[in-house]
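The lines below spell out each chain.
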Amino acid sequence: MTAVEPRPQTAEVRASKRTEILENRPVNLDGFVEEWPEKGLVAMESDFDPQPSIRVEGGRIVELDGRTREQFDFMDTFIADHAIDVDTCEQAMAIESVEIARMLVDPRTSRADVVALGRGLTPAKILDVVKLMNVVEIMMGMQKVRSRRTPANQAHSTSAKDNPIQVAADAAEAAVRGFAELETTLGVLRYAPLVAIGLQVGGQVGRGGVLTQCALEEATELDLGMRGITAYAETISIYGTESVFVDGDDTPWSKAFLASAYASRGIKMRFTSGTGSEVQMGNAEGRSMLFLEIRCILMAKGAGVQGLQNGSISCIGVPGAVPGGIRAVAAENLVASWMDLECASGNDQSFSHSAMRRTSRLVPQLFSGTDFVCSGYSGVPNKDNMFAGSNLDTEDYDDWNTIQRDMQVDGGLRHVREDVILQVRNKAARALQAVFAELDLPAITDEEVEAATYADSSDDYPDRDVLADLEGARSVMERGVTGLDLVKVLERSGFGDVAENYLQVLRQRVSGDLLQTAAIFTGDFVPLAAVNDANDYAGPGTGYRLSGERWEELKKLRHVTSAENPEEEVV
Amino acid sequence: MRPPLVVGVDVGNSTTEACAAEVDDAGPTRLASSLTPTTGVKGTPANAAGVVTAVRKALEAAARPGAVVDTVLLNEATPVISGLAMETISETIITESTMIGHNPETPGGEGLGVGTTVALAELGGQDGPVVVVVGAGADFDDVAHALNRAVEAGVDVVAAVLHGDDAVLVANRLTRPVPVVDEVAAVDRVPLGMLAAVEVAPPGRTIRTLADSYGLASTFALDAEQTRQVSPVARALAGTRSAVVVRTPEGDVTDRRIPVGSLTVSGATRSIDVGVDEGAEAVMAAIGRVAPLQDVSGEPGTHVGGMLAAVRDTMVDVTGQPAAEIRIRDVLAVDTMVPVTVQGGLAGEVSRENAVALAAMVRTSRSRMQAVADEVAAALGCDVRIGGVEGEVAVRGALTTPGSAVPVAVVDMGGGSTDAALLDRDGRTVAVHVAGAGELVTKLIDSELGLDDREAAESVKRHPLAKVESFFHVRHEDSSVQFFDEALPPHVFGRVVTVTPEGLVPVPVRRPVEAVRTVRREAKRRVFVVNALRALAQVAPQGSLRLLGSVVLLGGSALDFEIPAMVADALAPHGVVCGIGNVHGTEGPRNAVAAGLVDAHAAALVAP
Amino acid sequence: MTTATGTRTLTLREIGPAERGTRPEEVVIALSPAFGDPFTKTIVDVPHAEVIRQLLAGIEEQGGVARTIKVYRTADLAAIAHFGAKLSGSGIAVGILARGTTVVHQRDLARLSNLELFPQAPLLDAEVFRMIGANAAQYAQSRSPRPVPTRNDQMARPRWQAKAALLHLKEFECIDHARAAVEVEPVITRVD
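For clarity, every value in this text was computed on a predicted model and none was experimentally measured.

Q: Got a minute to help me understand the overall build of chain B in this structure?
A: Within chain B, the regular secondary structure consists of 14 helices and 30 strands. When burial is assessed residue by residue, chain B has 50% of its 608 residues classed as buried. Expressed as a percentage of contacts within chain B between residues at least 6 apart in sequence, the contacts between residues at least 24 apart total 67%.

In structure tokens, the structure reads:
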């Protein structure tokens, strides 16, 4: 009884051969349900969502979307007090929704103008605006309002066996393929320090300036960040209703406090939310998925974080099963960007059995470009993906590169020659081998390095002595090993270039460059963020255009017949 | 100006120990010691990394990180390499699916039923008594219903054999109770139309009729010759709670010795061949007869031969000596029992078969410590000297244990070998290494408990056992009870666990604490106690333990919670004082060699 | 594994208020508000009659005894199972939601902890329910069962996540704060 079993067919009724073929198509393994708006099982068009309203008295919002301050729950309070601009809101709310929707789409209205207008809108008003937009209009809007001019991508680098060597090698490969951020998590949480070290070392081997994070419970995640073993944090979940927040023993204020803890050390961080989480937990309070997600987006903005990961994320099966659900997911990404947040736009969870559906779910973010098209793309085979699988994995690399080339869009990746990949994988494994040796951690054998060079999945590596590794992981935490210690160790053991890359990442913590909205690094450690690489899209011929050296890079694929000599392929 | 800083370093098989001291005319002032895993095989250049780490750690512990070291003292490590092998020497084979002798958790009904085997689908109309055989996929309600209907129709159903875990369920639903054996995975291979007997004993008892040769004879009306032939069946079934025996024309159960190859043990004057399948006692007796042992080789093409060749090859790599010059200087053979899946069994039956475990040891006089010394000198930029022979230095270190006196013997129980050395009244030392130590114990525990999990076996070896009886209390192996204020984690609930400093760790066995404890203690006795006595006898004056005086236990195993007491108990009848070393009264059984090197260095300075 | 021929229906005959049991080896099966009525099968169409029959069979095969209770005041699995465990003579209970999600609980554990949890309802079939019953009976007898192997399927999300949410909402609709838990006798009738 698994999800891959075809649906049982009623034996008595004779079906046509065509029906049989259709029944066996992968798309029919996906689940679809009817809407139930009363309970919030509806994407974005519900009679049970509130009507937009706002009233300001004495410099304070006293009514928000039909509720007076006495009726506010803590989400309303937080949004009214921290997310909406009291000075402009009455004026902004007076503008017809259709007018605002058109401003979002019209290239002649500048990003700055629509962002400024957005500061004065309530959740219901924002919903009212995006409800008017079809999916192409949503993409038009996204193309203009995303923060960073240059699109980027993020990868997952995990191991079903929590093998730090695998994580290092796959991180190196992902980095050299172009991912700007790398994220890991664990099966056995106690492995975290070793896997986080593997991710960081491997990432810096692949390409200097890659940012890494390790998704864990909040205290350990913060600890690893403060030690400089990781460079950013992303898995700080927020929810659209008070009841779900309270179930998790949290409030908007506690999340905002945690955000400040990261900021205090110059660590990049973003919140995570997404459509469907509240109804999934049975506490949608009768609101549509998108309305609740817009509340999350405004809460994130009010908390002062620079960005948000959204696009349903781990609840994608819920919007994916209702009518218009994937349009709502595209809309939530749009709203996050419109609210001037960095948007890491999902496409990061097993979404469908159908390759066509997987691709179409990706189109709005890939074609319009977002700050991180995937958050993340599985840089390991999906069976090794400890985030429960992604919408794309290592098997899709060549397809992705081909789509970039077909459509002339930049999804952040590129084709890399085999010899380069083998070289960075090998070097990542050797660098980690040296780090483990210097730190008296359980040795990494030459056999493991060899395996890492050529491996696909965790099955291709010798098994580690798990108990010894866990003991080593414990000692890393107890000895207070920091990112700076790792830099020293890399330098001592002959990986000076990797040490240099890592040190640069740590330095940025002091300069604070990573606190700017949507900050990433180029391979030369030039920060690209909304302040110095602001999105200046203003219609055809403007904004980010795939051209020049980068376009030449993206023209390369695994097999392209040479025009000069058709008997050979371009290398 | 501070006095020169000297660090003594002892490279052991598994750990490298360091002792940092300031040495001047007044003698050494010990600052701190450290411990780190040995890098590479002892006595090879790969050790240098571990030595550097150990020195660094000792300096950090002395609160003098990065201090300039004047001299590093290294021991002259004797490379001792050990290898392990285990050979099963008996096996049980069932032919023609004549017997099912397993212990399903929950058989159904009770008593003995003898009849002809019939498939469930064919049930109905049979004349004599029948044993119903039920294949995979049958539902317990349906099976019980079918059996009841057949009985109503006049069929004499006397027993049933099932594929699924349904025996109690089926038995509970029968109008006429019969014995039912279940979880027979290969039930489709049970021969049909043959006379068969099914027996189930009451809970907590074992079967009587089928596990007895004459019981079988009565059941199947056998003559004397036939009875003799089926006696292995009876033996194989002894101790089970349920069994099925099918009488087939050629069916048989055999219990045979497996030829696993022989060892050629060579002494100075003669060589003896001994078959490993003769057991540990025979092997050890042969070694005793040729003593002192010069070399051992295994029969080519056998596992034993392969194991000894592998040990030899490793030594060639380590020393660079040609294979022909490598000698195996000691072998320890231990009898053991291992659970083995019975060949031809229908229910995945497991029988406990005899096996012999072997530890072999190779030694060479040529070590490559000079290469280690050169690398360490380059890395630390200081003078590196290779000091005295390990055994001598260790015994001097041990002598600093308060209360010890010459003559003193030390026993160092490590991972691969057990070492003994003696310092006599004339200041002479003798040292020996014998094969077999901690790793062999782990292997015995692993195989005897059927764990197939080295980590779990290691945990059983190192820590006492307990049974988690509720979320708030455990019963330790000494039957004392410990209560907890906070609930224990769910994964240990109801389980046999090891009590480790990190908490309770479940042991993946279904046997009681007592059984696991017996396996653990027996493994330690057969290796550590036997080897301590064996090694001491080799260094003792005239081979007499009585003349040893005092024995100091050193090394990691001296920190074990029960080994020192087991060894001391074994030595007590010989009038020997035996205790755990406490080097310089502070270091415990650790650091004897490292501290000994520093002491010897300081002594040499004072009296050049 | 056994697959029953014919279909069976489940009726939960109310015996009286759910009370604390005294038999030291008993296992309590605690059912959620929508289990058996109004719902009749799990998220993957395993009939509730079969779920109960296999749980009871697993307990019986191990020589255990079972009592079944139905809870109305909460649809939270941990709360249902923990409530059952507190009424169980052995302290062991199996809690189960209408969609099939199951947990083995013990009364001394924190509510959100458990002995064994089976969160992926789409992966639970008759065989797994049998093993869960057998393990619960063994825990109740202070034996050490091997945990039931957990299954995992990343593609369960696209197929079942929304239906699970829907069933969850429906189960919540069946909560009756005014109605105390009752002991029930599961009556399984074969209909063919």
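Moving on from the coordinates now.
Q: Would you mind showing me how to read the overall build of chain A here?
A: Counting secondary structure elements, chain A contains 23 helices and 13 strands. Relative to the compact-globule value of 25 Å for 571 residues, chain A shows a C-alpha radius of gyration of 24 Å, a close match. Projected onto the principal axes, the alpha-carbon positions of chain A cover approximately 65 × 65 × 50 Å. In chain A, which comprises 571 residues, the proportion classed as buried is 54%. Look at the contacts in chain A between residues 6 or more apart in sequence, and 75% of them connect residues 24 or more apart.

Q: Can you walk me through helix α4 (residues 156-173) of chain C in this structure?
A: The periodicity of an α-helix, 3.6 residues per turn, causes residues three or four places apart in sequence to face the same way. Taking 1.5 Å of rise per residue, 18 residues should cover 26 Å, and α4(C) covers 25 Å from first to last C-alpha, within 8% of that figure. Along α4(C), 15 of the 18 residues are buried, which leaves the element largely enclosed by surrounding structure.

Q: Would you take a moment to explain the interface of chain C and chain A for this structure?
A: A common way to express how large an interface is: the accessible area buried when the components associate. Across the boundary between the two partners, chain C contributes 20 residues, which contact 28 residues of chain A. Here the side of chain C that touches chain A is built from residues that sort into 12 nonpolar, 3 polar and 5 charged.

Q: What should I look at first to understand the sheet that holds strand β4 (residues 71-76) of chain B in this one?
A: Pairing between the strands of a sheet comes from backbone hydrogen bonds, and it takes one of two forms, parallel or antiparallel. All names here are of chain B. The 5 strands lie next to each other as β3-β2-β1-β4-β20, forming an open sheet whose pairing is mixed. Because the sheet does not close on itself, it has two edges, and the strands there are β3 (27-37) and β20 (383-389). Across the sheet, the mean angle separating the axes of adjacent strands is 25 degrees when strand polarity is ignored. Bridge count for strand β1 (residues 5-11) against strand β2 (residues 15-24) is 7 bridges, and the pairing is antiparallel. Opposite Val7, over in β2, you have Ala20 as the bridge partner.

Q: How should unusual backbone geometry be read in this particular structure?
A: Across residues other than glycine, the phi torsion is negative in most instances, and most of the peptide bonds are trans. Cis peptide bonds are those with omega within 30 degrees of zero, and the linkage from A:Ser375 to A:Gly376 qualifies with 10 degrees. As for its position among the elements, A:Gly376 is in strand β11 (residues 375-378). The omega torsion across C:Asp37 and C:Pro38 is 10 degrees, close enough to zero to call that bond cis. By the secondary structure assignment, C:Pro38 is in the loop between β2 (26-31) and α1 (48-61). In this structure, A:Asp162 takes a positive phi of about 55 degrees despite not being glycine. Relative to the helices and strands, A:Asp162 resides in the loop between β4 (154-156) and α8 (164-177).

Q: Just checking my understanding: could you explain the sheet that holds strand β8 (residues 111-119) of chain B for this structure?
A: Residues and elements named next belong to chain B. Pairing in this open sheet of 7 strands is mixed, and the strands run β7-β13-β12-β8-β9-β10-β11 from one edge to the other. Two strands lie at the open edges of the sheet, namely β7 (99-100) and β11 (180-181), each paired on one side alone. Here β7 pairs with strand β13 (residues 242-247) via 2 bridges, running antiparallel. By the bridge assignment, Met99 is partnered in β13 with Val245.

Q: Honestly, the interface of chain C and chain B in this entry has me stumped. Any pointers?
A: Chain C puts 21 residues into the contact, and the matching count from chain B is 22 residues. It is α1(C) that contributes the most residues to the side of chain C that touches chain B, 3 residues altogether.

Q: Looking at this model, I keep getting lost on the domain arrangement of chain B. Mind explaining?
A: The domains assigned to chain B are domain 1 (83-89 + 258-361), domain 2 (97-253) and domain 3 (449-510). Distance from the C-alpha centre of domain 1 of chain B to the C-alpha centre of domain 2 of chain B: 42 Å.

Q: Sorry if this is basic, but what is going on with the environment of B:Val376 here?
A: Topologically, B:Val376 is positioned in helix α8 (residues 369-380). When residues no more than four places from it in sequence are discounted, the contact partners of B:Val376 are B:Ala48, B:Val51, B:Val52, B:Val72 and B:Val384.

Q: Help me out: how do you make sense of the pairing of β3(B) in this one?
A: The side chains of a regular strand alternate, first on one face of the sheet and then on the other. By the bridge criterion, 10 bridges tie β2(B) to β3(B) in an arrangement that is antiparallel. By the bridge assignment for β3(B), B:Glu17 is matched with B:Leu35.

Q: Explain the environment of A:Val62 here, please?
A: All names here are of chain A. Mapped onto the elements of the fold, Val62 is located in strand β2 (residues 60-64). Put simply, Val62 and Asp410 are 348 residues apart on the chain and 45 Å apart in space, counted from C-alpha to C-alpha. Apart from the residues within four sequence positions on either side, Val62 is in contact with Arg55, Val56, Glu57, Thr68 and Arg69.

Q: Explain the packing of helix α18 (residues 418-438) of chain A against helix α21 (residues 483-492) of chain A to me, please; I cannot follow it from the model alone.
A: Packed helix pairs are characterised by how far apart their axes lie and by the angle those axes make with each other. All names here are of chain A. One can describe the packing of α18 onto α21 by two numbers: an axis separation of 9 Å at closest approach and a directional angle of 110 degrees. Here α21 runs roughly perpendicular to α18, going by the angle between their axes. Taken together, the residues of α21 that come into contact with α18 (itself represented by Ala431, Val435 and Glu438) are Leu486, Val489, Leu490 and Arg492. Each residue belonging to the contact of α18 with α21 can be placed in one class, and the counts come to 5 nonpolar, no polar and 2 charged.

Q: Sorry, what's going on with the environment of A:Leu484 here?
A: All names here are of chain A. Inspection of the secondary structure assignment puts Leu484 in helix α21. The class for Leu484 is partly exposed, based on 13 C-beta atoms found within 10 Å. Once the C-alpha coordinates of Leu484 and Ala344 are considered, the two residues, 140 residues apart in sequence, prove to be 28 Å apart. Beyond its immediate stretch of four places on either side in the chain, Leu484 contacts Gly228 and Leu506.

Q: In this structure, what is going on with the confidence of the model for chain B? I would like to understand it.
A: In low-pLDDT segments, the atomic positions of the prediction should not be examined closely. For chain B, the mean per-residue pLDDT works out to 87, and 97% of the residues sit at or above 70. In the model output, the complex is listed with pTM 0.82 alongside ipTM 0.91.

Q: Mind showing me how you'd approach the pairing of strand β5 (residues 102-106) of chain C here?
A: All names here are of chain C. Where burial is concerned, most of β5 is hidden: 5 out of the 5 residues are buried. Burial along β5 is two-sided: the face carrying Thr102, Val104 and Gln106 and the face carrying Val103 and His105 are both buried. Bridging between strand β4 (residues 92-96) and β5 involves 5 bridges; their strand directions are antiparallel. Residue Gly95 lies in a different strand from β5, and its bridge partner there is Val103. Where β4 folds back onto β5 in an antiparallel hairpin, the turn is made up of 5 residues, including Gly100, whose phi is positive at roughly 115 degrees.

Definitions and cut-offs
Residues numbered from 1 in each chain as written. Chains lettered and ligands numbered in written order. Predicted model: local features only at pLDDT ≥ 70, side-chain atom pairs only at ≥ 80, totals over all residues. Helix = DSSP H or I, 4+ residues; strand = E, 2+ residues; numbered from the N terminus. Buried ≥ 20, exposed ≤ 12 C-beta atoms within 10 Å, placed from the backbone. Contact = placed C-beta atoms within 7 Å. Rg over C-alpha atoms; globule rule 2.2 N^0.38 Å. Expected span 1.5 Å × (residues − 1). Nonpolar A, V, L, I, M, F, W, Y, C, P; charged D, E, K, R; others polar. Pairing = 2+ DSSP bridges. Axes fitted to C-alpha atoms, helices over the stretch in contact; angles between N-to-C directions. Domains from an automatic or database assignment. Parallel < 35°, antiparallel > 145°, perpendicular 65-115°, else oblique. pLDDT = per-residue confidence, 0-100.

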